[in-house]
Structures are given as structure tokens and as C-alpha cells.
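Next come the chains, spelled out residue by residue.
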Amino acid sequence: MVELWKFRQRMQREGESITEYITALQRDAKYCGFGEYLQKGLRNQLVFGLRNQRIRTRLIEERELTFDKAKQIALSMEASGEGAEVLNRRYEVNLAERKKSQPRRDATAATTTKRLRVSGSLVKFEVDSGSPVSLINSSDKTKYFTDLPLKPTSIELRSYCGSKIKVFGVVETEVMYKGQKNKLHLLVVDAKRHPLLGREWIRALQLDWNAIMDSSVTSVDRINLRTTLPIAIKELVEEFTTVFDDSIGKIEGVQATLHLKPGSKPVFLKSRSIPFSIRDTVEREIHKMVESGILVKVNRSEWATPIVPVMKSANKIRLCGDFKLTVNKSLLVDEHPLPTINEMFSNMAGGEKFTKLDLAQAYLQMMVRPQDQTMLTLNTHLGLYQPTRLMYGVASAPAIFQREISQILHGIPGVSVFLDDVKITGPNDEVHLNRLREVLRRFHEHNMRVNVAKCEFLTDSIEYCGYIIDRRGIHKMPKKVDAIQKMPRPENREQVRAFLGLVNYYDTIRLDQCL
């Protein structure tokens, strides 16, 4: 009982590493007589005794946590935290330099951008709820408001770091916004930064504070981060804001081309009835795609393919076409190999952490050559709609998309591309972030978008095609192996086919381990 009491009181001490703490627990547990309870007892005391709240919370959230798994996660997070401190210090230095020209901000501040018509000029402002005033630098004043007189002012400004900002004066502007016309003051300062819209203008223009707050945090706060690196990632998100925008991208300089077999004839099929339970959702999606320029209403077409609504999470829907009955029969399908499992894993070898980017509505970001768009015409209960983008269900779509995305990201080491799924890794955090920045730069250059809600940044491991990839290599996912091991014995031809399909999908799992 004395040894057990001592074991239960053993907490991680200040300055003691997790490795040292684990060693101490294993040593003390020898005298507690745990027997078969040993692994569970060590796991519990490791979790409860850790000083780091972040690591302890992560372990508590982990399902089916074993002692070995707890050690692995805790040591990995401890190591990533040490690397993060270096990056965070470097970021703080850069941040201090950048903010020397910024006015003092409140502790709770949100930023986004807005276009406004000011004294006849269209000016893009950074909306900053932490700044009490609106300002512009002298170069932009000359650019936009040459004729506006510069008036003296007694206002003094200080930056976020406390340094004084030189104020040249103030101009009186006429601001137009949603039918409003306001006479507002704009300070002209000695600073190398974009025009800033502060609280004075926000109140006068009656901007929606909730919309400002939502737009300022959406790109960052929804990101799945479990280390102390969100500052470094936040910097990248702010640098490439358009890539994380909620709009649908349109890949610049790339068009999908569809080729028909000689002698092919158009096929026109009638629309199919849509269940009343989802009809409103389908119609909203059609109207949304029309507004986004993805679909164009047409009155006639030689080709017509019925739509297939695919329900997604959160009551969302994806509109596909049943092209196997129409254009797919006549297509000369593009040939471009999708990467094999081994090829993708080889690109991830030697990585310490892993980032996964999900291209938002991937195919819909790629334009289709205008003369080929009529082949993809969709027949709906609302009439005919001609897509301008590559549609799900087209036989050539995977090869075309894989080829173009691979070309866009060609030459970046540690990057693996499988259709809309882009994975990035590196031997250390600095290299990893540089590679991630280059990927985002190319996405920005081509006007592409990623779905930030499905992205993961700098995680210790990622799941892919039935495997877990981490710094130690590739491991089969236990739940995938269990699905094969516990699958009922096939009793007819269809069940045999289903079993073989499941096994062949994970083609590197040895059958003797699964049966």
C-alpha cells in the first residue's frame, strides 16, 4: 500500500522531461504488484501526472488509448512543442517589424478586407476593428486623392509596439457604401501599409460586425491544429487569403479538353424525377451554380444527361451527371496514371510532420473548353443547363485533373498529389513550412481554392487509404484490418466480389494476416 500510494502521488516535476517521467513511473510500478493491471496503471498515471495541459487533454480525447500509444503521442507532442518555440520566436520578431507602422490596436481585434468607393476612387481597405481611426499612406493619397487638400491635425498615433507614427495630416472624403453617402476623415501617415479602415468608419458606415468577425476568423480558427504552431500557419493563411476563400476557384490558364470517337452521335436523355424531400435542396444548388457561373441555362442541346444528386454532410448536395449513359460511351478517355500507394508513400518518406490540403469542389475549379461544354449539358426538372466546368462523372475527369494538378505542383519535394488531395511533409518544420508556402503560392497564382475545414496542418500523423503515416513509417489502420478479419464468410457470388473488392483496394495488406 505504501508503494502504491507513492506511485499515485508521482507527478511530472518541473524541468523533468516526459522520457524521464515515464522511466520513473516504470521504476516505481515494479513494487506495486499491479500484475495484469500494469499497462493500464502506467497509462493512467502518465496521463494524470503530466504538467502540460495541452498534451494531457489530447491524451484524454484519444479513443482506445494504451500505454504505448500514450507514450508515442506525448513524446511526439513534446518534441513538436520544442521545435515550435523556435518558429514562434522567429515569427514574433518578424511580426514586430511588420507592426512598427501599424496604429495601436485593442486586445480584441478582427481584420478582413472591404472595397469602397471613396471620393470617386475604388479603394481596397483592411478592416481593423482594433484601430480607432482610418488611415492611408502618403503614396496612396497621391494615387487616389491627388486633388483633395491635406489639412493639419493634432491627432497623434502610436503603433502596436508603441513607436510613434508620423501623421502628415487629414483629408475629408466622401464615402459611398450601399446607398449611403458619408463625409469621413482619413488620416495620411508615413507608413508602408495598405489603407486601413478603423472603428470610426465602421460605425459611420454601419458595417455588420458579425460579418466582419466571421470573415476574420473563418480562415484560421477552423483549421485543425494540435501543436503550438498556429501562429506560423496563421501567417501563411493571411499571406494567401484568397486560397482559403469560400468562393469556387477557377484555375487560370488550364482548360479541360474532351475528345469524341470518330462517328460519335449525340445522346439526349430526359430528366429524372427528383424526390420531393430533396427537391428544394437540388434547386438551391442549381441556382447557386448558375450564380457562380458553373452552369448556364440553355433552351436546346443535342446532348443531355440526367442529373444524379449525391447527398453530402450538413444537408449539402453535389450534382453529378449520369454520363455513363451518354457522353462516356463516345469519349476517347484521357490516359494519365493515378499514383500508386507505394509512389505516394515514397514522397512522404523522411517526414516529421504532415499537412493535408483538400481542394474545394475540385473538378468544378477547372474550366472546360467552350466547344466541348455542350457535350456535358445536364437535363433537370428545371430544364437544360450547360456546365462551364469539369463535372463529376465524366470518364476523362480523373486523368485530366490529376495531370494538371501534378503539373502545377511539379518540382516541389515532399508533395504527394492524388486528385483533390494534396499532402506535404518535410524533414523539419522550417522545410515543411517553406514547401507549404510554395504550394499555396502556386494555388494563389492559379486562382485555386482549398476547403479549410478539411485541411490538417503539421500533424504528427495522417490517415490515407487504410494506412497511418507518421515519422516512423507506414502502418496499417487496425480498423481497416478488423473490417476484413471480421467480415462474414461470403455465401454467394456478389458477396465474394464484395470481399475481393475490399481486399484488392488495400492491395498491400497480406491476405494471410486478414483471413
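Residues numbered from 1 in each chain as written. Predicted model: local features only at pLDDT ≥ 70, side-chain atom pairs only at ≥ 80, totals over all residues. Heavy atoms only, no water.

Caption draft 1: Seen up close, the nonpolar core. Membership of the largest hydrophobic core comes to 64 residues, with the highest contact counts inside it found for Leu-357, Ile-405, Leu-409 and Phe-443. Mapped by element, the contributors of at least two residues to this core are helix H9 (230-239), helix H10 (276-291), strand S12 (317-321), helix H12 (397-408), strand S17 (415-418), strand S18 (421-426), helix H13 (429-445) and strand S19 (456-459). When near neighbours in sequence (up to four residues on either side) are disregarded, Phe-443 contacts Val-243, Leu-357, Leu-359, Leu-409, Val-422, Met-448 and Val-450. Judged by nonpolar contacts, the second largest core, of 20 residues, contains Ile-18, Leu-65, Ala-70 and Ala-74. (Core = buried A, V, L, I, M, F, W, Y, C linked by side-chain atoms within 4.5 Å. Buried < 20%, exposed > 50% of the residue type's maximum accessible area, 1.4 Å probe, protein only. Helix = DSSP H or I, 4+ residues; strand = E, 2+ residues; numbered from the N terminus. Contact = heavy atoms within 4.5 Å.)

Caption draft 2: Examining the environment of Asp-460 more closely. One can find Asp-460 in the loop between S19 and strand S20 (461-464). By relative accessible area, Asp-460 is classed as buried at 18%. Between the C-alpha atoms of Asp-460 and Gly-351, which are 109 residues apart in sequence, the distance is 9.5 Å. For Asp-460, the residues in contact, after removing those within four places along its chain, are Ser-76, Met-77, Glu-352, Lys-353, Phe-354, Ile-469, Asp-470 and Arg-471.

Caption draft 3: Broad picture of the packing of aromatic side chains. Scanning the entire structure with this criterion turns up seven aromatic pairs. Seen in terms of ring centroids, Phe-34 and Tyr-37 are 5.7 Å apart; in terms of plane orientation they differ by 50°. Their pairing is tilted. By relative accessible area, which is 13% here, Phe-34 ends up buried. A centroid spacing of 6.4 Å and a plane angle of 45° characterise the contact between Phe-244 and Phe-457, whose relative ring orientation is tilted. Here Phe-457 lies in strand S19 and Phe-244 lies in the loop between H9 and strand S9 (255-256), a separation of 213 residues in the sequence. Phe-457 shares its class with Phe-244; the two are buried. Pairwise contacts between aromatic rings join Phe-7, Phe-34 and Tyr-37 into one cluster. The cationic tip of Lys-297 hangs over the ring face of Tyr-385; the distance from NZ or CZ to the ring centre is 5.4 Å. (Phe/Tyr/Trp six-rings, centres within 6.5 Å; stacked < 30°, edge-to-face > 60°. Lys NZ or Arg CZ within 6 Å of the ring centre and 35° of its normal.)

Caption draft 4: Up close: the pattern of salt bridges. All told, the structure shown has 16 salt bridges when counted by the stated rule. Note that Arg-369 is salt-bridged to Asp-372, the shortest N-O span being 2.9 Å. On the basis of relative accessible area, Arg-369 is assigned to the partly exposed category, the value being 24%. Linking Arg-403 and Glu-404 is a salt bridge whose minimum nitrogen-to-oxygen distance equals 3.6 Å. The class for Arg-403 is partly exposed, based on a relative accessible area of 28%. Each of Glu-438, Arg-441, Arg-442 and Glu-445 takes part in salt bridges that share partners, so that together they form one network. (Salt bridge = Lys/Arg side-chain N within 4 Å of Asp/Glu carboxyl O.)

Caption draft 5: Geometry of the sheet that holds S19. Across the sheet, which stays open at both edges, the four strands sit in the order S17-S18-S13-S19 with antiparallel pairing between neighbours. The two strands at the open ends of the sheet, each matched to only one other strand, are S17 and S19. Each strand of the sheet is rotated relative to its neighbour by a mean of 15°, with strand direction disregarded. Across six bridges, the pairing between strand S13 (residues 353-358) and S18 is antiparallel. Bridging from a neighbouring strand, Lys-356 pairs with Lys-423 of S18. The sheet contacts of H13 involve S13, S17, S18 and S19, and relative to S18 the element is tilted by about 150°. (Pairing = 2+ DSSP bridges. Axes fitted to C-alpha atoms, helices over the stretch in contact; angles between N-to-C directions.)

Caption draft 6: The arrangement of the packing of helix H2 (residues 18-29) against helix H3 (residues 38-49) in detail. Where H2 contacts H3, the axes come no closer than 10 Å and their chain directions differ by 140°. For the element pair H2 / H3, the angle class is oblique. Of the two elements, H2 crosses H3, and the hand of that crossing is right-handed. Packed against H2, whose contacting residues are Tyr-21, Ile-22, Leu-25, Gln-26 and Ala-29, the element H3 presents Leu-38, Leu-42, Gln-45, Leu-46 and Gly-49 at the interface. Grouping the amino acids of the contact of H2 with H3 by side-chain chemistry returns seven nonpolar, three polar and no charged. (Parallel < 35°, antiparallel > 145°, perpendicular 65-115°, else oblique. Left-handed = near helix turned anticlockwise from the far one by under 90°. Nonpolar A, V, L, I, M, F, W, Y, C, P; charged D, E, K, R; others polar.)

Caption draft 7: Molecular detail of the side chain of Thr-425. Note that Thr-425 resides in strand S18. Residue Thr-425 is classed as buried on the basis of its relative accessible area, which comes to 1%. Engagement of the side chain of Thr-425 in a polar contact is seen with the backbone oxygen of Lys-353, the distance being 2.6 Å. Residue contacts for Thr-425: discarding those within four places in its chain leaves Asn-347, Met-348, Gly-351, Glu-352, Lys-353, Phe-354, Gly-414, His-432 and Arg-435. (Polar contact = N/O pair within 3.5 Å; in protein donor to acceptor, adjacent residues only side chain to side chain.)

Caption draft 8: Structural detail: the confidence of the model for the chain. Per-residue confidence for the chain averages 79 on the pLDDT scale, and 80% of its residues sit at or above 70. Ignoring residues within four places in sequence, the model shows residues 213-229, a span with pLDDT below 50, making 39 contacts including any to other chains. (pLDDT = per-residue confidence, 0-100.)

Caption draft 9: Representation of the sheet that holds S12 within the structure. Within the open sheet, the five strands sit side by side as S10-S16-S15-S11-S12. Their pairing is mixed. If you trace the sheet from one side to the other, it starts and ends with strand S10 (295-298) and S12, each paired once. Strand-to-strand twist in this sheet, taken as the mean axis angle between neighbours without regard to direction, amounts to 45°. In the sheet, strand S11 (residues 305-311) pairs with strand S15 (residues 378-380) via two bridges, with the strands oriented parallel. Each bridged residue has a counterpart across the sheet, and for Pro-306 the counterpart in S15 is Asn-379. Sitting on the sheet, H10 is in contact with S10, S11, S12, S15 and strand S16 (383-387), with an inclination near 75° to S12.

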